[in-house]
Amino acid sequence: MATPQILMCLTTSASSIIPLLSQLPKQTRIEEYDIYQWEGFWYLPAHLEGALAIRSHFEAQDDDVIIISPPKAGTTWLKALIPTILNGPRGCKNIDDQEDDPLVKITPQLVVLTLEDQIFSVKNDRNPDLSTIPSPRIFHTHLPYTSLPNSIKNSKCKIVYISRNPKDVFVSLWHFMNYHRDDKQGLFPIEKAFDSFCNGVHFFGPYFDHVLEYWKKSLDSPSKILFLKYEEMKSDSKNELRKLALFLGRPFVEDEEVENVLWKCSFERLKNLEVNKNGIEPHSGLANSSFFRLGTVGDWKNSFTPEMEERINGIARLKFEGSGLDL
Ligand code: A3P
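Remember, it's a predicted structure, so these values are computed and weren't measured experimentally.

(A) Local environment of the layout of surface pockets. Of the voids in this model, the second largest pocket is the one considered here, and its volume is about 280 Å³. Lining the second largest pocket are 17 residues, with Pro83, Thr84, Asn87, Pro102 and Val111 sitting closest to its centre. Contributing elements (two or more residues each) for the lining of the second largest pocket: α4 (75-87) and α5 (108-111). It is α4 that provides the largest number of residues to the lining of the second largest pocket, a total of four residues. Class assignment of the residues belonging to the lining of the second largest pocket gives a composition of 11 nonpolar, three polar and three charged.

Here's what the structure looks like:
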């Protein structure tokens, strides 16, 4: 089967990392493209190259905010929320005021750039000058804790991590991959995609190890890492948003401000903005709309068989046992 168009550039290796790739464990994911294991996690060649460049060149500053997420756990939401909390007009009373809101014109994927995809990417300079970006700088990465550069770990920069029920993550990822396939390619066979996910062989997987690393670190250093859960953000949005703003050093004063930020960054509003309905993210060529699907909790029930549920629950029990994390 042909490699989906969108994966072409991510799966093509630059000559500089071919020697490294040849030494790494490799698997062919879903019979379509190769994925490599580095420091315990799985990468597409372009992401691995980005990770290496970040490791060599990225210097975190003390007032940086780094959003970290496994793919499909709620990155887009945080890419909207955090700049709105940090840079948005405070005390804004007019919920319909769109004038000062960059989200009206710019998709969240471009409001906060992903280090390995959009900054240290194949197409860009491997050592870009980021020092001129006004602070507080906000970046995003999918990198596991193990592979973060020391400057992120050791500086005073803050990390906001988001996790999500792995069943919804898997279903979201599966739909995302399908979104970029044409009729001829058809859907990814869900059984194979699921098997890969359960074996941890997916971008930045294993999912459970990714989450567990950040969970443990957040318990050790709660002022450095805020660990959020997508489900709690949905069910207890106001309190979670207050917690996030407090962590970022920008606590809300009025309830109206909380409501305003929540509305500005809501799935319903963002999905229906022109930029997100019809725009294209220039680094990847992905449609902005592909980042806004359902935005709900529990959609996995529409795709999972009882066997799939049992298998993933079993992995979660095994991995999360004694950690304080559950599904
Ligand atoms: P679904 O596919 O379940 O709908 P990421 O941003 O990490 O790629 O995750 C994408 C998931 O977050 C998708 O989930 C998407 O619909 C959802 N999402 C995007 N924007 C959101 C928002 N503002 N609020 C809640 N969920 C959002």
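So, next bit.
(B) The packing of aromatic side chains, seen in detail. Scanning all chains against the criterion turns up 20 aromatic pairs. On the numbers, 5.4 Å between centres and 80 degrees between planes, the contact of Phe194 with Phe304 is edge-to-face. Here Phe194 is found in helix α9 (residues 190-198), whereas its partner Phe304 is found in the loop between α15 (274-278) and α16 (306-320), with 110 residues between them in sequence. An aromatic cluster of at least three residues, connected via ring pairs, comprises Phe170, Phe194, Phe197, Tyr207, Phe208, Trp300, Phe304 and Phe320. Lying over the aromatic face of Tyr230, Arg164 brings its terminal NZ or CZ to 4.0 Å of the ring centre. The aromatic ring of Trp77 is capped on one face by Lys234, whose charged end is 5.7 Å from the ring centroid.

(C) Seen up close, empty space enclosed by the protein. Throughout the structure, instances matching the rule amount to three cavities of 30 Å³ or more. In this structure, the second largest cavity encloses a volume near 50 Å³. In terms of lining, the second largest cavity is formed by Pro70, Pro71, Val169, Leu173, His202, Phe203, Phe204 and Tyr207. Broken down by class, the residue content of the lining of the second largest cavity amounts to seven nonpolar, one polar and no charged.

(D) Summary view of the sheet that holds strand β4 (residues 65-68). Taken together, the five strands give an open sheet; going across it, the order is β5-β6-β4-β7-β8, and neighbouring strands pair in parallel fashion. Since the sheet does not close on itself, it has two edges, and those belong to β5 (113-114) and β8 (225-229), each with one partner. Two strands pair when backbone bridges link them, and β5 and strand β6 (residues 138-141) are joined in this way by two bridges, in the parallel orientation. Within β6, the residue paired with Thr114 across the bridge is His140. Together, β4, β5, β6, β7 (158-163) and β8 form the strand contacts of α4, whose direction differs from that of β6 by roughly 165 degrees. The strands touched by helix α12 (residues 237-247) within the sheet are β7 and β8, with β8 carrying the most contacts at an inclination of about 165 degrees.

(E) Just the nonpolar core, in detail. Phe58, Leu78, Ile82, Val160, Phe170 and Leu244 are the most contacted members of the largest nonpolar core, which totals 99 residues. Other than its neighbours up to four places away in sequence, Phe170 contacts Ile190, Ala193, Phe194, Phe197, Phe304 and Met308.

(F) Up close: the packing of helix α8 (residues 166-179) against α9. Taken N-terminus to C-terminus, the directions of α8 and α9 make an angle of 130 degrees; their axes are 11 Å apart at the nearest point. Looking at the two axes, α8 sits oblique to α9. You can see that α8 and α9 cross each other, and the crossing is right-handed. Every residue of α9 that contacts α8 at Pro166, Val169, Phe170, Leu173 and Trp174 is listed here: Ile190, Ala193, Phe194 and Phe197. Split by residue class, the contact of α8 with α9 holds nine nonpolar, no polar and no charged.

(G) Structural view of unusual backbone geometry. Between Ser135 and the following residue, Pro136, the backbone shows a cis peptide bond with an omega angle of 0 degrees. Mapped onto the secondary structure, Pro136 falls in the loop between α6 (115-119) and β6. Geometrically, the link from Gly205 to Pro206 is a cis peptide bond, its omega value of 5 degrees lying close to zero. If you trace the backbone, Pro206 turns up in the loop between α9 and α10 (207-220).

(H) Layout of the environment of Leu24. By secondary structure assignment, the location of Leu24 is in the loop between α2 (18-21) and β1 (26-29). Judged by its relative accessible area of 16%, Leu24 is buried. Each C-alpha atom of the pair Leu24 and Glu39 lies 9.5 Å from the other, and the pair is 15 residues apart in sequence. The contact partners of Leu24, leaving out residues within four places of it in the chain, are Tyr36, Gln37, Trp38 and Leu48.

(I) Spotlight on the site of the ligand. Around the ligand, the surrounding shell holds 18 residues, and the nearest of these are Lys72, Thr75, Thr76, Ser172 and Leu294. The contact in question runs from an oxygen atom of the ligand to an N or O atom on the side chain of Ser172, over 2.6 Å. A distance of 2.9 Å is found between a nitrogen atom of the ligand and a backbone nitrogen or oxygen belonging to Cys265. Look at the ligand: alone it shows 560 Å² of surface, and the protein chains cover 97% of it. Only α4 and α14 (267-271) provide two or more residues apiece to the shell around the ligand. Residue contributions to the shell around the ligand peak at three residues, all from α4.

Criteria and thresholds
Residues numbered from 1 in each chain as written. Predicted model: local features only at pLDDT ≥ 70, side-chain atom pairs only at ≥ 80, totals over all residues. Heavy atoms only, no water. 1 Å grid on protein atoms, 1.4 Å probe; cavity = no way out; pocket = protein on both sides within 12 Å on 5 of 7 lines; lining within 4 Å. Points joined across faces, edges and corners; volume = space filled by probe spheres on them. Helix = DSSP H or I, 4+ residues; strand = E, 2+ residues; numbered from the N terminus. Nonpolar A, V, L, I, M, F, W, Y, C, P; charged D, E, K, R; others polar. Phe/Tyr/Trp six-rings, centres within 6.5 Å; stacked < 30°, edge-to-face > 60°. Lys NZ or Arg CZ within 6 Å of the ring centre and 35° of its normal. Pairing = 2+ DSSP bridges. Contact = heavy atoms within 4.5 Å. Axes fitted to C-alpha atoms, helices over the stretch in contact; angles between N-to-C directions. Core = buried A, V, L, I, M, F, W, Y, C linked by side-chain atoms within 4.5 Å. Buried < 20%, exposed > 50% of the residue type's maximum accessible area, 1.4 Å probe, protein only. Parallel < 35°, antiparallel > 145°, perpendicular 65-115°, else oblique. Left-handed = near helix turned anticlockwise from the far one by under 90°. Near = heavy atom within 4 Å. Polar contact = N/O pair within 3.5 Å; in protein donor to acceptor, adjacent residues only side chain to side chain. Areas by Shrake-Rupley, 256 points an atom, 1.4 Å probe, with all protein chains shown as cover.

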